[in-house]
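Listed below are the residues making up each chain.
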Amino acid sequence: MARLGREPLIHPDCEIADCSFGGWVEIGRGSRLSHVEMGDYSYCDRYADLANASVGKFANIASFVRVGPTDHPMQQASLHHFLYRSGDYWDDAARDEAFFARRLSRRARIGHDTWIGHGAVIRPEVTIGDGAVVGAGAVVTKDVPPYWIVTGVPATPMRPRFAPCIAERLSALAWWDWDHALLRARLEDFRSLEIEAFLEKYHG
């Protein structure tokens, strides 16, 4: 029997708040997700920390990745929690709801069929394009184009995964929208065909 199905598999010790998940999704042990939308077949490994993020289908998110790390207020006299989590410190003070609303609006976006390497950090409002790869330990502060590989601190382009014509054809094919049965029917071609042959067979 298949281990994954239409209901997400959420391992122990996770903290999940205001999230929605597609089918065949897996959330690794000890992960923390807040205000996250995650598409079909995507997963995060152990101790991932995702906040205020939209994740496409078939995203591969390694352990200890941080997506959308929240900011502290840098323009005021202090950076500390007491400015916006004020109710934690005084009975007669309220949270700064406007601060939290701004934080929530600054969403990170991770495209379809992406690979986010171990320990990478993706800043708020950054978009990772479809098919892109973020190297382990990278800190991504700018958008990553589809089918590019970025590495380093701050992350910089290393090389494209495919030639532009191949990337464009893959984007147009949008195989990530195929249904579960069709993916199974074409599994052997995913495994065995070189990219040009795969595209020739399914995209012409």
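Above this text sits the structure in question.
Residues numbered from 1 in each chain as written. Predicted model: local features only at pLDDT ≥ 70, side-chain atom pairs only at ≥ 80, totals over all residues. Heavy atoms only, no water.

Asker: I keep staring at the side chain of Ser-31 and nothing clicks. Help me out?
Answerer: Locating Ser-31 in the fold gives a position in the loop between strand S4 (26-27) and strand S5 (32-38). Accessibility expressed as a relative area gives 0% for Ser-31, which makes it buried. At a separation of 3.1 Å, a polar atom in the side chain of Ser-31 contacts the main-chain carbonyl oxygen of Asp-45. With residues near it in sequence (within four places) discarded, Ser-31 still touches Asp-13, Cys-14, Glu-15, Cys-44, Asp-45, Arg-46, Tyr-47 and Ala-48. (Helix = DSSP H or I, 4+ residues; strand = E, 2+ residues; numbered from the N terminus. Buried < 20%, exposed > 50% of the residue type's maximum accessible area, 1.4 Å probe, protein only. Polar contact = N/O pair within 3.5 Å; in protein donor to acceptor, adjacent residues only side chain to side chain. Contact = heavy atoms within 4.5 Å.)

Asker: Honestly, a nonpolar patch on the surface in this entry has me stumped. Any pointers?
Answerer: On the surface, Phe-82, Tyr-89 and Trp-90 cluster together into a nonpolar patch covering about 310 Å² of accessible area. Mapping Phe-82 onto the fold places it in the loop between strand S9 (66-67) and helix H1 (97-105). When its relative accessible area of 32% is taken as the criterion, Phe-82 is described as partly exposed. (Patch = residues over 30% accessible without salt bridge, like charges linked within 9 Å, V, L, I, M, F, W, Y side chains within 5 Å. Areas by Shrake-Rupley, 256 points an atom, 1.4 Å probe, with all protein chains shown as cover. Salt bridge = Lys/Arg side-chain N within 4 Å of Asp/Glu carboxyl O.)

Asker: Got a minute to help me understand the packing of helix H2 (residues 164-173) against helix H5 (residues 195-202) in this structure?
Answerer: A packed helix pair is summarised by two numbers, namely the angle formed by the two axes and the spacing between the axes. Remark: H2 packs on H5, axes separated minimally by 11 Å, with the N-to-C direction vectors making an angle of 40 degrees. Taken together, the axis directions place H2 and H5 in an arrangement best described as oblique. Where H2 crosses over H5, the handedness of that crossing is left-handed. On H5, the residues touching Ile-166, Arg-169, Leu-170 and Leu-173 of H2 are Ile-195, Glu-196, Phe-198, Leu-199, Glu-200 and Tyr-202. Among the residues forming the contact of H2 with H5, the class breakdown is 7 nonpolar, no polar and 3 charged. (Axes fitted to C-alpha atoms, helices over the stretch in contact; angles between N-to-C directions. Parallel < 35°, antiparallel > 145°, perpendicular 65-115°, else oblique. Left-handed = near helix turned anticlockwise from the far one by under 90°. Nonpolar A, V, L, I, M, F, W, Y, C, P; charged D, E, K, R; others polar.)

Asker: How should I be thinking about the pattern of salt bridges in this particular structure?
Answerer: Side chains carrying opposite charge are able to pair once their charged atoms draw close together. This model, assessed by the stated rule, comprises 13 salt bridges. Ionic pairing is found between Arg-29 and Asp-13, a salt bridge with its closest N-O pair at 3.1 Å. On the criterion of sequence distance, the pair formed by Arg-29 in the loop between S4 and S5 and Asp-13 in the loop between strand S1 (9-10) and strand S2 (15-17) is long-range, its members being 16 residues apart. With relative accessibility at 37%, the residue Arg-29 sits in the partly exposed group. The salt bridge partner of Arg-123 is Asp-71, with a shortest N-O separation of 2.7 Å.

Asker: Would you take a moment to explain the side chain of Asp-49 for this structure?
Answerer: Structurally, Asp-49 is set in strand S7 (residues 49-55). Discounting residues that sit within four places of it in the chain, Asp-49 has contacts with Arg-32, Val-65, Arg-66 and Val-67.

Asker: What should I look at first to understand the nonpolar core in this one?
Answerer: One broad rule of soluble globular proteins: the nonpolar side chains tend to lie buried together. Counting 28 residues, the largest nonpolar core has Met-38, Leu-50, Ile-61, Ile-110, Ile-116, Ile-122 and Ile-128 as its most contacted members. Looking at this core, the elements with two or more residues in it are S5, S7 and strand S10 (108-110). Beyond its immediate chain neighbours, meaning those up to four positions away, Ile-116 contacts Asn-60, Ile-61, Ala-62, Val-65, Ile-110, Ile-122, Ile-128 and Val-134. Among the nonpolar cores identified, the runner-up in size contains 17 residues, and Tyr-41, Ile-166, Trp-176 and Leu-183 belong to it. (Core = buried A, V, L, I, M, F, W, Y, C linked by side-chain atoms within 4.5 Å.)

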